[in-house]
Amino acid sequence: MRYPSTSRPHLRSVIAAAAPLAATALLAAVTAFAPAATARQADASLATARQAGAMFDASAWEGDADQLIEAALADSAAWERLAYLTDTFGPRFSGSRNLERAIDWILGEMRADGLENVRAEPVMVPRWVRGREELMLLEPHERRLDILGLGGSIGTGPGGLVGDVLVVGSFDELAERADEARGKIVLWNVPFTSYGSTVVYRSQGAIRAAEAGAVASLVRSVGPFSMYTPHTGNSAYDEHVPRIPHAAITMEDAMMMQRMQDRGHRIRIRLQMEDYWLPDAESANVVAELVGTEFPDEVIVLGGHIDSWDVGTGAMDDAGGCVAAWEALRLMKELGLRPKRTVRVVMWTNEENGLRGGNAYRNAHRDELHNHVLAMESDAGVFKPQGFGFSGSDAAFDVITQIGKLLDPIESGTIRRGGGGADIGPIMAEGVPGMGLNVDGSRYFWYHHTKADYVDKLDPHHVGLSVATMAVMAYVVADIPQRLPR
Ligand SMILES: [Zn+2]
């Protein structure tokens, strides 16, 4: 596909595009797009604002959008930087030296890129440590099986524990067989349907198993495909329920144990986990900006989370989202495309096992959240982008939809209702409109939270398309004359 390289004149007003509206209605509509103080007076004209949003014409930004798209696709700079980051610093688990080294390197690179107000905003993060972990199958045959303890799990004590396994396929099934669970190790063998519906067995499994009197909990890894890859992830305890060790096994072993149980065979295992906690550690959210020319206090935030799990290299989850946002800002700078509002890249820390970065950002920026025009997150892997899921008002949705049309040449401008991200969740809860980058999600959960999350899972061209998609959306929202309505 070719992209036009015409540099179209930069339209200074979209009012011309809304010509069919009566002048008074138009004024009301524009008022509704204005900063909060005046927007509040304009609620009577919401319908008019909606009309104006639907009539908003983004075509004046075609030239800028084309430049960003061309630059993002001209080489594989984003993928190369992603590869450098993940190869050089490795997994970036909260509390690890790797994470802080990666953050320091990024800050230096951002300054070298000429980005503005580059800074680390301090965040204290929890520090769970994966010790030695071992699962031995003792009956019906003897063999070591792969496991990954789930984030936050307690250890078993140095001697480990030996017990029989009870395989169940749902919370309901355990409730029915609760009298069989006492003193056993419960295995949640729940096939992947969607992440949201399956992950509850990872997050809640230890609590529910302990309530039934189990001594440990195992979960079938949460994913649709496996090459004998256990998936880690966060898990919870309940202060009113005893804490028991909780680990993921592979899909293969979960299905095998199900077959063993169905045959009436005894499944006996020994589980040893030396996982433990240390005191909180210092980390930081990484921030860099391009300051707006006309409304510098109004901010468009985009980013991902810089921490990862402690296995693999966290390339998909979520160095890719961080680097794509970073590259989007760098390209604006390089092309001399400085919008009216400030574009701010944030790489949040500690999404995976605490969300401390997202919460700290909200707390540190509480006074300026009314001036956060939009928050955008990429945390589903920078695979081939399709568009965005948007959470905000109807009037804003219409404007975003029109801006999405600028991405038609690269087929990444479909705007759907609903979306956001874990790290921007805390500011979205305070009223900031939010959006998440939607991508081809067919392979994300193959590698998510596994040792296989390396940069080779991402295609350089798709990374470039993700950069272009985030860059165009962020830039145009930052540059339109009227502020995106809430
Ligand atoms: Zn993530």
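Structure report, in brief. (Residues numbered from 1 in each chain as written. Predicted model: local features only at pLDDT ≥ 70, side-chain atom pairs only at ≥ 80, totals over all residues.)

## Points about the pairing of strand β2 (residues 133-139)
Here's step 1: In this sheet, strand β9 (residues 268-273) lies alongside β2 in antiparallel orientation, the contact comprising 6 bridges. Bridge assignment links leucine 135 to a residue of β9, and that residue is leucine 271.
Here's step 2: Where β2 and strand β3 (residues 143-145) come together, 3 bridges link them in antiparallel fashion. Bridge pairing in β3 links leucine 135 to leucine 145.
Here's step 3: Counting the residues between successive antiparallel strands, the hairpin from β2 to β3 contains 3 residues. (Pairing = 2+ DSSP bridges. Helix = DSSP H or I, 4+ residues; strand = E, 2+ residues; numbered from the N terminus.)

## Observations regarding the nonpolar core
Here's step 1: In this structure, Ala471 and Ala474 are the most contacted members of the largest nonpolar core, which totals 101 residues.
Here's step 2: The leading source of residues in this core is helix α17 (residues 460-479), at 13 residues.
Here's step 3: Discounting residues that sit within four places of it in the chain, alanine 471 has contacts with Leu68, Ala72, Ala328, Leu331 and Met332.
Here's step 4: Counting residues in each nonpolar core, the second largest holds 35 residues, with Ile147, Leu187, Ala214 and Ala254 among its members. (Core = buried A, V, L, I, M, F, W, Y, C linked by C-beta atoms within 7 Å. Buried ≥ 20, exposed ≤ 12 C-beta atoms within 10 Å, placed from the backbone. Contact = placed C-beta atoms within 7 Å.)

## A few points about the environment of histidine 365
Here's step 1: The residue histidine 365 is located in the loop between α13 (356-364) and β13 (372-377) in this model.
Here's step 2: Residues histidine 365 and isoleucine 427 lie 62 residues apart in sequence; the distance between their C-alpha atoms is 9.1 Å.

## Side note on the sheet that holds β13
Here's step 1: Taken together, the 8 strands give an open sheet; going across it, the order is β1-β10-β12-β11-β13-β16-β14-β15, and neighbouring strands pair in mixed fashion. One side of each edge strand has no neighbouring strand; the edge strands of this open sheet are β1 (116-129) and β15 (414-417). In this sheet, neighbouring strand axes are inclined to one another by 25° on average, regardless of whether the strands run parallel or antiparallel.
Here's step 2: Where β1 meets strand β10 (residues 276-290), 11 bridges bridge the pair, whose relative direction is antiparallel. In the strand pairing of β10, valine 129 is matched with tyrosine 276. (Axes fitted to C-alpha atoms, helices over the stretch in contact; angles between N-to-C directions.)

## A short note on the sheet that holds strand β4 (residues 147-149)
Here's step 1: Across the sheet, which stays open at both edges, the 8 strands sit in the order β3-β2-β9-β5-β6-β7-β8-β4 with mixed pairing between neighbours. Looking at the sheet topology across the chains shown, the edges are occupied by β3 and β4. Going across the sheet, the axis of each strand differs from the next one's by a mean of 35°, ignoring polarity.
Here's step 2: Looking at chain direction, strand β5 (residues 161-168) and strand β6 (residues 185-188) are connected through 4 bridges and run parallel. Bridged to valine 165 within β6 is isoleucine 185.
Here's step 3: Against the sheet, helix α11 (residues 251-262) contacts β3, β5, β6, β7 (216-220) and β8 (246-249), and its axis sits at roughly 80° relative to β5.

## Here's the deal with unusual backbone geometry
Here's step 1: Along the chain, glutamate 139 connects to proline 140 via a cis peptide bond; the corresponding omega equals 10°.
Here's step 2: Among the secondary structure elements, proline 140 is positioned in the loop between β2 and β3.
Here's step 3: Here the bond from aspartate 317 into aspartate 318 is cis, since omega is 5°, no more than 30 degrees from zero.
Here's step 4: Mapped onto the elements of the fold, aspartate 318 is located in helix α12 (residues 315-335).
Here's step 5: Here the phi dihedral of tyrosine 228 falls at roughly 60°; this positive angle occurs in a residue that is not glycine.
Here's step 6: With a phi angle near 65°, histidine 449 is a residue other than glycine that sits in the positive phi range.

## Description of the environment of leucine 73
Here's step 1: As for its placement among the helices and strands, leucine 73 is situated in helix α4 (residues 62-73).
Here's step 2: Spatially, the C-alpha atoms of leucine 73 and valine 463 are 8.9 Å apart, while their sequence positions differ by 390 residues.
Here's step 3: Those residues in contact with leucine 73, other than ones at most four positions away along the chain, are Gly464 and Ala468.

In short, the description is geometric, and any link to function would need to be established separately.
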